[in-house]
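Here is what each chain is made of, one letter per residue.
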Amino acid sequence: MHAKPIPLRLTGEELERAWAGAQHEGRSASNFIRMIHNMGMEQYAKHGRIVLGHNDTGTATAAEQR
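Residues numbered from 1 in each chain as written. Predicted model: local features only at pLDDT ≥ 70, side-chain atom pairs only at ≥ 80, totals over all residues. Heavy atoms only, no water.

Draft legend 1. Representation of the overall build of the protein chain. Helix and strand counts for the protein chain stand at three helices and zero strands. When its helices and strands are written in sequence order, the protein chain yields α-α-α. Accessible area for the protein chain stands at about 6200 Å²; split by element, carbon and sulfur atoms hold 57% of it. (Helix = DSSP H or I, 4+ residues; strand = E, 2+ residues; numbered from the N terminus. Areas by Shrake-Rupley, 256 points an atom, 1.4 Å probe, with all protein chains shown as cover.)

Quick look at the structure:
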C-alpha cells in the first residue's frame with residue numbers, strides 16, 4: 001500500500017469540464033474528481049477493463065468495448 005497521493009494531470013479542456021461538473025453538482029473540484037474516479041472504478045470492476053465512450057483515446061473498437 002502506498003501512502004502518497006496520486007497527482008492527476010488534466011488537459012485544459014478536461015479541467016474546464018471538471019470545474020463545470022463540480023459547480024453543477026455543488027461539490028468542490030477535488031470531491032467531484034474523487035466521485036468520478038469512484039464511478040470509473042465501479043465500471044472497471046464490472047467490465048474487468050476500461051470501457052469509454054466516444055471520447056476514448058485508446059485502441060479498442062466499439063465492439064470490443066461491449
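Draft legend 2. Structural view of the pattern of salt bridges. Scanning all chains against the criterion turns up one salt bridge. The closest approach of N and O atoms between Glu-25 and Arg-27, which form a salt bridge, is 3.9 Å. Exposure remark for Glu-25: the relative accessible area of 45% places this residue in the partly exposed category. (Salt bridge = Lys/Arg side-chain N within 4 Å of Asp/Glu carboxyl O. Buried < 20%, exposed > 50% of the residue type's maximum accessible area, 1.4 Å probe, protein only.)

Draft legend 3. Highlighting the environment of Ile-33. Mapped onto the secondary structure, Ile-33 falls in helix α2 (residues 29-47). What Ile-33 contacts, discounting residues up to four positions off in sequence, is Leu-8, Leu-10 and Ala-18. (Contact = heavy atoms within 4.5 Å.)

Draft legend 4. Molecular detail of a nonpolar patch on the surface. Together, Leu-8, Leu-10, Leu-15 and Trp-19 make up a nonpolar patch on the protein surface, roughly 400 Å² of accessible area in all. Judged by its relative accessible area of 56%, Leu-8 is exposed. (Patch = residues over 30% accessible without salt bridge, like charges linked within 9 Å, V, L, I, M, F, W, Y side chains within 5 Å.)

Draft legend 5. Geometry of helix α1 (residues 12-25). Relative to the 20 Å expected for 14 residues at 1.5 Å per residue, α1 spans 20 Å between its end C-alpha atoms, a close match to the ideal helical length. Among the residues of α1, Ala-18, Gly-21 and Ala-22 are the ones counted as buried. The arc that holds the buried residues of α1, viewed along the axis, is 100 degrees, so those residues lie on one side. Facing away from the buried surface of α1 by more than 90 degrees, the exposed residues are Gly-12, Glu-13, Glu-16, Arg-17, Gln-23 and His-24. Contacts from the buried residues of α1 go to α2. (Expected span 1.5 Å × (residues − 1). Arc of directions from axis to C-beta.)

Draft legend 6. Examining the packing of α1 against α2 more closely. One can describe the packing of α1 onto α2 by two numbers: an axis separation of 9 Å at closest approach and a directional angle of 100 degrees. Accordingly, the angle class assigned to the pair α1 and α2 is roughly perpendicular. The segment α1 lies against α2, with Ala-18, Trp-19, Gly-21, Ala-22 and Glu-25 engaging Ala-29, Phe-32 and Ile-33. Tallied by class, the residues present in the contact of α1 with α2 amount to six nonpolar, one polar and one charged. (Axes fitted to C-alpha atoms, helices over the stretch in contact; angles between N-to-C directions. Parallel < 35°, antiparallel > 145°, perpendicular 65-115°, else oblique. Nonpolar A, V, L, I, M, F, W, Y, C, P; charged D, E, K, R; others polar.)

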